[in-house]
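Letter by letter, the chains look like this.
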Amino acid sequence: MKKILLISFLYGFFSIGTNATNTNEDPKPNDKKATKATIALYQQLNSVSQNGQTIFGHQDDLAYGYHWWGNNSDVKQVTGDYPGLYGWDMGEIGNEKNLDDVLFEDIKKYIKEAYARGGVTTLSWHMINLKEQSSSWDTTRVVHEMLKGGKYHKDFIKKLDLFADFVNDLEVNGEKIPLLFRPWHEHNGSWFWWGGKNVSIEDYKSLWQFTVEYLRDKKKIHHLIYVYSTDAFQTQEEYLERYPGDEYVDVLGFDDYGAFRSYADEAREQWIINELEIVAKLADEKRKICAFTESGLEAVTDDTFFTQKLLPKLNHNKWTKKAAYVMLWRNANYQKEQRDHFYVPYKGHSSAKDFIQFTEDPSILLESDFMKMKEN
Ligand code: BMA
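In this text, all values refer to a predicted model and were calculated from it rather than measured experimentally. (Residues numbered from 1 in each chain as written. Predicted model: local features only at pLDDT ≥ 70, side-chain atom pairs only at ≥ 80, totals over all residues. Heavy atoms only, no water.)

Enquirer: Explain the overall build of the protein chain to me, and be specific about the residues and the numbers.
Expert: Secondary structure assignment for the protein chain yields 13 helices and 11 strands. Its C-alpha atoms give the protein chain a radius of gyration of 20 Å, near enough to 21 Å, the size a compact globule of 376 residues would have. Overall, the C-alpha framework of the protein chain stretches about 65 × 55 × 45 Å when taken along its three principal axes. The proportion of buried residues among the 376 residues of the protein chain is 56%. Carbon and sulfur atoms provide 49% of the accessible area of the protein chain, an area that totals close to 16,400 Å². Taking the 46 positively charged and 57 negatively charged side chains of the protein chain as two groups, their mean positions are separated by 5 Å. (Helix = DSSP H or I, 4+ residues; strand = E, 2+ residues; numbered from the N terminus. Rg over C-alpha atoms; globule rule 2.2 N^0.38 Å. Buried < 20%, exposed > 50% of the residue type's maximum accessible area, 1.4 Å probe, protein only. Areas by Shrake-Rupley, 256 points an atom, 1.4 Å probe, with all protein chains shown as cover. Lys, Arg positive; Asp, Glu negative; His and termini not counted. Charge placed at Lys NZ, Arg CZ, Asp CG, Glu CD.)

The following block contains the structure:
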């Protein structure tokens, strides 16, 4: 035992200052000045992944659900526990409410409460199109003009400043709450102004790199973990086509809804396994973490979706088990939106039983499971 300790100490000692990858060392986020809590979160996520477990996450979980609005949780109502991870969107920052009508001040409150219980937060950003002052779905070309020297660069900086103020406010007892930040997502599709044919590959990479450099170096924000997430893909080349570089990314993720749509055939469903394997192998090579950043079946129209579709994909093999978290999209409030747009069963929904069974699987971590894991 002592001999092993001495060897590993010497190994660690001599690796300092060399470029050799020290495989004994836990992976860290890229930011050299990342706060202690940020490094700790990254390492906890890595442990979850190495244990073959997956934290369950839900977008907007605490703000509204299918039947209610304001401070509750469909996940908690159904399972008795909160999700281990919460997603929030920064779209329309600068206004009082975000694009889905949640007050930014409430989002801050929910993030703090979740953090106090042990939950993790991930932020996405459906930023408006700055040229048209419209929405993310306005695909008018704008990215090139948002970069340095461009007509909309100043407006872009203003948005990043608003975001910086928001995340800087997320502080408890003088310590910033570590956050996963997943900007410019689903960029291999062409539905957002930052994606697909609406932007050149080089401009997309520059947009990403500028975002990181501005927040990290200029605004000195050191409590962010950067998450890269494509939409569905089939090959590693496709996945990495717009990858901004290892120094700019901490977590490798992807979104895929198509595989679970009712009309998706068996072969399309299997893409998920391939996607999970590709991100896990890349993460392993690059000493990063991987995650399944968005998915689900809208209106949960299959009562065995969770145990028969999602769980078997996550637990398919040693690679697919490495997704540190899976996040399902929001449960839109029916009264407000007059449509069935929800991804997690609400209390009384016919798939609730199946969802409970899914969350009871030892590989799936809700908030208190994640807390227990951290304590061990
Ligand atoms: C989409 C839908 C929209 C929503 C947007 C941002 O997937 O849920 O209704 O506005 O995400 O949250």
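Let's pick the thread back up.
Enquirer: Account for the pattern of salt bridges, with residues named and values stated.
Expert: Following the criterion strictly, the structure yields 18 salt bridges and no others. Of the charged contacts, one joins R330 and D100 as a salt bridge, the two residues approaching to 3.6 Å between their closest N and O atoms. Here the residue R330 occupies a position in the loop between β10 (325-328) and α11 (334-337), and D100 occupies one in the loop between β2 (85-89) and α4 (104-117), the gap between them amounting to 230 residues. A single burial state applies to R330 and to D100, both of which are buried. (Salt bridge = Lys/Arg side-chain N within 4 Å of Asp/Glu carboxyl O.)

Enquirer: Run through the packing of helix α9 (residues 266-286) against helix α10 (residues 305-314), naming residues and quoting values.
Expert: One can describe the packing of α9 onto α10 by two numbers: an axis separation of 9 Å at closest approach and a directional angle of 25 degrees. With respect to α10, the axis of α9 lies roughly parallel. With respect to the hand of their crossing, α9 and α10 are arranged in right-handed fashion. Across the interface between the two elements, E269, I272, I273 and L276 of α9 pack against K309, K313 and L314 of α10. Classifying every residue of the contact of α9 with α10 gives four nonpolar, no polar and three charged. (Axes fitted to C-alpha atoms, helices over the stretch in contact; angles between N-to-C directions. Parallel < 35°, antiparallel > 145°, perpendicular 65-115°, else oblique. Left-handed = near helix turned anticlockwise from the far one by under 90°. Contact = heavy atoms within 4.5 Å. Nonpolar A, V, L, I, M, F, W, Y, C, P; charged D, E, K, R; others polar.)

Enquirer: Break down the nonpolar core for me, citing the residues and quoting the values.
Expert: Grouped together as the largest cluster of nonpolar side chains are 114 residues, with contacts concentrated most on F56 and L310. Dropping the residues within four chain positions of it, L310 is found in contact with F260, F292, F305, V326, L328 and F358. (Core = buried A, V, L, I, M, F, W, Y, C linked by side-chain atoms within 4.5 Å.)

Enquirer: Give a detailed account of the site of the ligand, specifying residues and quantitative values.
Expert: Taken together, L99, D100, H126, W137, W329, R330, R339 and H341 make up all the residues around the ligand. One of the side-chain N or O atoms of D100 is found 2.5 Å from an oxygen atom in the ligand. Here an oxygen atom of the ligand and a side-chain polar atom of W329 are 3.0 Å apart. Protein contacts shield 78% of the accessible area of the ligand, which totals 300 Å² for the unbound molecule. Here the shell around the ligand is composed, by residue class, of three nonpolar, two polar and three charged. (Near = heavy atom within 4 Å. Polar contact = N/O pair within 3.5 Å; in protein donor to acceptor, adjacent residues only side chain to side chain.)

Enquirer: Go over unusual backbone geometry with me, naming the residues and quoting the values.
Expert: Even without glycine at this site, A299 takes up a positive phi of about 65 degrees. Note that A299 resides in the loop between β9 (289-295) and α10. Even without being a glycine, Q338 presents a positive backbone phi close to 50 degrees. Tracing the backbone shows Q338 in the loop between α11 and α12 (352-360). The exposed category is assigned to Q338, whose relative accessible area is 54%.

Enquirer: I'd like to hear about the packing of aromatic side chains, residue by residue, with values.
Expert: Considering all chains together, one arrives at 35 aromatic pairs under this definition. Note on W191 and F192: the rings are 6.5 Å apart at their centroids and 65 degrees apart in plane angle, and the pair reads as edge-to-face. Assessed through its relative accessible area of 35%, W191 is described here as partly exposed. Judged by centre distance (6.0 Å) and plane angle (75 degrees), the rings of W208 and Y228 are edge-to-face. One end of the pair, W208, is in helix α7 (residues 201-218); the other, Y228, is in strand β7 (residues 224-230), with 20 residues separating them in the sequence. Overall, the relative accessible area of 0% leaves Y228 in the buried class. Over the face of the ring belonging to Y82 we find R117, whose NZ or CZ atom lies 3.6 Å from the ring centre. Note that R268 overlies the ring of W271, its terminal NZ or CZ placed 3.9 Å from the centroid. (Phe/Tyr/Trp six-rings, centres within 6.5 Å; stacked < 30°, edge-to-face > 60°. Lys NZ or Arg CZ within 6 Å of the ring centre and 35° of its normal.)

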